[in-house]
Structure formats: structure tokens, C-alpha cells
2 protein chains.
Amino acid sequence: MEKVSKETCKKRLKGIDDALYAIGGKWKLKIIIALIEGYTRFNEMQRTIGISAKMLSLELKELELNGFLTREVHPGPPVVVEYKVTEYSDSLQEVLQVLSNWGEKHREKIRQERSGK
Amino acid sequence: MEKVSKETCKKRLKGIDDALYAIGGKWKLKIIIALIEGYTRFNEMQRTIGISAKMLSLELKELELNGFLTREVHPGPPVVVEYKVTEYSDSLQEVLQVLSNWGEKHREKIRQERSGK
DNA sequence: CCGTATCCGACACGATACTG
DNA sequence: CAGTATCGTGTCGGATACGG
């Protein structure tokens, strides 16, 4: 012990790799949060997340392809487009929770360090 | 209910934002894993993670500045440089575990979908 | 062994304008 | 409202070479 465990290390690295491939980047997790919290419309999400239309459009397509959400077009008029999370996105709830909590605590730590100077 | 809860949404978005700022990107989590698993040397980590010397050097500096690791130089000869995780990095254990597990399951899901065609 | 320096391409991302 | 098109910029990150 004390020394490197190559197997578990490789396994964890691989897992992180796969996760980042699917949900890495600046926007994907945020979009999924917005969807989970109930946002369904394009412009609504754009404002909430603070993302450009271009990026949102691109990311939504990727997320749909990967099974995280569905895109429904309700013929109008007015035509309405709704984005909804799939059940599969629920598997991310724990990830979201843990990561968001950590980020919150981390921010708090940074804040204290700066005021402590 | 059913409708958007703006408060919790904003809070989660902010948390994710802070987290990604500190540990986002392609390499930081992987480096921390390698350190936690016991790797301490530069070249060792480089090979294990599959990262270029340039990026590893850059990321190590950032991680040190943010309190995730320490850099120890043991005068030689031969001179030995060791990188070690700080206690604070332990706060990431849960994040790492959850994310890595999710990634593993996700990969498995993708694999099955492809073979199922 | 532990890096730094330099060059370079790819692309992530933003801003803006425009369309049905 | 829900996007697409275009343009421009910065950063990411690999390859290579080099130095203590």
C-alpha cells in the first residue's frame, strides 16, 4: 500500500474520460440542469443559462443525439418547440448534485481565503 | 409545481459554474486522480494520463495555486521533484467517484446500443 | 528526469446580423 | 419564437526541440 494501484487508477481515469466525452465542456451540464428544473423553450433557456443562440442550438443537437433530451415540435400556429429531458438524464441527478454542491463549497472557501488576507 | 423553480435552478447553475471553473477542462480531474492514486513524479504522471509535458506543467501550476497539490523539490543529486495531493483534494473524492461511475455506466450503455443495431 | 520555449493548427465560443 | 449564417478571436493542445 501507499504505492500506486495501477488498476483502479486506470479504471477511474477511463470513467472520467467517458464522462467528459459525453457531458464535458462548458454547457452540457448547465443545459441539462435547466431542462430538469423545468425549462422547455429555446429562448427561455438561452436567457437563463447565459449562452448564445448558436452554442445552444449546437449543444441541443448533440444532447438529443446522445439521448439526453427530446425535441418536440407542436404545429401551430403558433408553432411551439419544446425540449424535454429523457429518463436517461435522471442518471445524471447524482452527478449534478454532487458537483454543484462541491462548487458551492469551493466558492465559499475561496471567498473566505480572500477575506482572510 | 411542474413549472420552473427559478431559485434552485440558479443555485445549481452557479454551483456547476464554480465547479467547472476550478476543475473543468480536459485534464484537471485526471491529474488529481493520478495523484490520489499515488503517482508523484512528473514523467510517471505524463505517461499514465497521456498528456503532453507542456499541458501537464501548466495544469500542475494551476492546481498548486488553487491548493489542490504541493510541489516538493528534494535536493539531490539526483534532484527529485514530488507532487502530492493536499487534504483539500479529498473533498473531491465523491465527485470523482460519482463522475467516474457514471462515465463507466454510460460507456456500457453506448456499447450495448451499438451492438443492438 | 523535469521541465520550458516555440510554432502551429483546430475549434470552442462570442457577437452580430438575418430568416421563417 | 426558434433558430441559421457569417465572421472573428482566443484558447486548447499536440509536436518538436531544447536546457538544467
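The following refers to the structure shown. (Residues numbered from 1 in each chain as written. Chains lettered and ligands numbered in written order. Predicted model: local features only at pLDDT ≥ 70, side-chain atom pairs only at ≥ 80, totals over all residues. Heavy atoms only, no water.)

Observations regarding the nonpolar core
Thought 1: Among the nonpolar cores identified, the biggest contains 59 residues, and I31, M45 and W102 of chain A together with I31 and M45 of chain B are the most heavily contacted of them.
Thought 2: Leaving out residues up to four positions away in the same chain, W102 of chain A has contacts with A19, A22, I23, F68, Y88, S91, L92 and V95 of chain B. (Core = buried A, V, L, I, M, F, W, Y, C linked by side-chain atoms within 4.5 Å. Buried < 20%, exposed > 50% of the residue type's maximum accessible area, 1.4 Å probe, protein only. Contact = heavy atoms within 4.5 Å.)

Some remarks on helix α5 (residues 93-116) of chain A
Thought 1: If you check α5 of chain A, its first and last C-alpha atoms are 34 Å apart, about what 24 residues at 1.5 Å a residue would give, namely 34 Å.
Thought 2: V95, L96, V98, L99, S100, W102, G103, H106, K109 and I110 of chain A are the residues of α5 of chain A that are buried.
Thought 3: The inward-facing, buried residues of α5 of chain A contact α2 (28-36) of chain A together with α1 (6-23) and α5 (93-116) of chain B. (Helix = DSSP H or I, 4+ residues; strand = E, 2+ residues; numbered from the N terminus. Expected span 1.5 Å × (residues − 1).)

Looking at the protein's contact with DNA strand D
Thought 1: Around DNA strand D there are 15 residues in total, and R41, S57, R71 and Y83 of chain A together with K54 of chain B lie nearest to it.
Thought 2: Each atom of DNA strand D within 4 Å of the protein belongs either to a base or to sugar and phosphate, the latter forming 60%.
Thought 3: Within the side chain of K61 of chain A, one N or O atom sits 3.2 Å away from a phosphate oxygen of DNA strand D.
Thought 4: S52 of chain B places a polar side-chain atom, nitrogen or oxygen, 3.4 Å from a phosphate oxygen of DNA strand D.
Thought 5: Within the residue set of the surface near DNA strand D, elements represented by two or more residues are α3 (42-49), α4 (53-65) and β2 (80-85) of chain A together with α4 (53-65) of chain B.
Thought 6: Top contributing element to the surface near DNA strand D by residue count: α4 of chain A, with four residues.
Thought 7: In terms of residue class, the surface near DNA strand D is made up of six nonpolar, three polar and six charged. (Near = heavy atom within 4 Å. Polar contact = N/O pair within 3.5 Å; in protein donor to acceptor, adjacent residues only side chain to side chain. Nonpolar A, V, L, I, M, F, W, Y, C, P; charged D, E, K, R; others polar.)

Quick look at the packing of helix α3 (residues 42-49) of chain B against α4 of chain B
All names here are of chain B.
Thought 1: Interaxial distance between α3 and α4 falls to 10 Å at its minimum, and their mutual angle equals 115°. If you check the angle between α3 and α4, you find them roughly perpendicular. For the pair α3 and α4, the sense of crossing is right-handed. Contact with α3, carried on its side by F42, M45 and Q46, involves A53, L56, S57 and L60 of α4 and no other residues of that element.
Thought 2: For the contact of α3 with α4, a count of residues per class yields five nonpolar, two polar and no charged. (Axes fitted to C-alpha atoms, helices over the stretch in contact; angles between N-to-C directions. Parallel < 35°, antiparallel > 145°, perpendicular 65-115°, else oblique. Left-handed = near helix turned anticlockwise from the far one by under 90°.)

Side note on the protein's contact with DNA strand C
Thought 1: Neighbouring DNA strand C are 13 residues, the closest being K54 of chain A together with R41, S57, R71 and Y83 of chain B.
Thought 2: Those atoms of DNA strand C that come within 4 Å of the protein belong to sugar or phosphate at a rate of 66%.
Thought 3: The separation between a phosphate oxygen of DNA strand C and a polar side-chain atom of R41 of chain B is 2.5 Å.
Thought 4: R71 of chain B is positioned such that a nitrogen or oxygen atom in its side chain is 2.3 Å from a phosphate oxygen of DNA strand C.
Thought 5: Put simply, the parts of the chain that give the surface near DNA strand C at least two residues each are α4 of chain A together with α3, α4 and β2 (80-85) of chain B.
Thought 6: By residue number, the principal contributor to the surface near DNA strand C is α4 of chain B, which donates three residues.

Some points on empty space enclosed by the protein
Thought 1: Following the criterion strictly, the structure yields one cavity of 30 Å³ or more and no others.
Thought 2: Of the volumes computed, that of the largest cavity is approximately 40 Å³.
Thought 3: If you trace the largest cavity, you find it lined by V95, V98 and L99 of chain A together with V95, V98 and L99 of chain B.
Thought 4: Among the elements of the structure, α5 of chain A together with α5 of chain B are those that each provide at least two residues to the lining of the largest cavity. (1 Å grid on protein atoms, 1.4 Å probe; cavity = no way out; pocket = protein on both sides within 12 Å on 5 of 7 lines; lining within 4 Å. Points joined across faces, edges and corners; volume = space filled by probe spheres on them.)

Overview of the relation of the copies chain B and chain A
Thought 1: Relative to chain A, chain B is turned by 180° and slid 0.0 Å along the rotation axis, the superposed coordinates differing by an RMSD of 0.0 Å. Given the turn and translation reported, the copies of this chain are related as if by a two-fold rotation axis.
Thought 2: Mapped onto chain A, 100% of the interface residues of chain B are again interface residues, and the two copies thus contact each other with one and the same surface. (Least-squares fit on C-alpha atoms with pLDDT ≥ 70 in both.)

Overview of the environment of M55 of chain A
Residues and elements named next belong to chain A.
Thought 1: Secondary-structure assignment places M55 in helix α4.
Thought 2: Owing to a relative accessible area of 26%, M55 belongs among the partly exposed residues under this scheme.
Thought 3: It is 27 Å that separates the C-alpha atoms of M55 and H106, two residues lying 51 residues apart in sequence.

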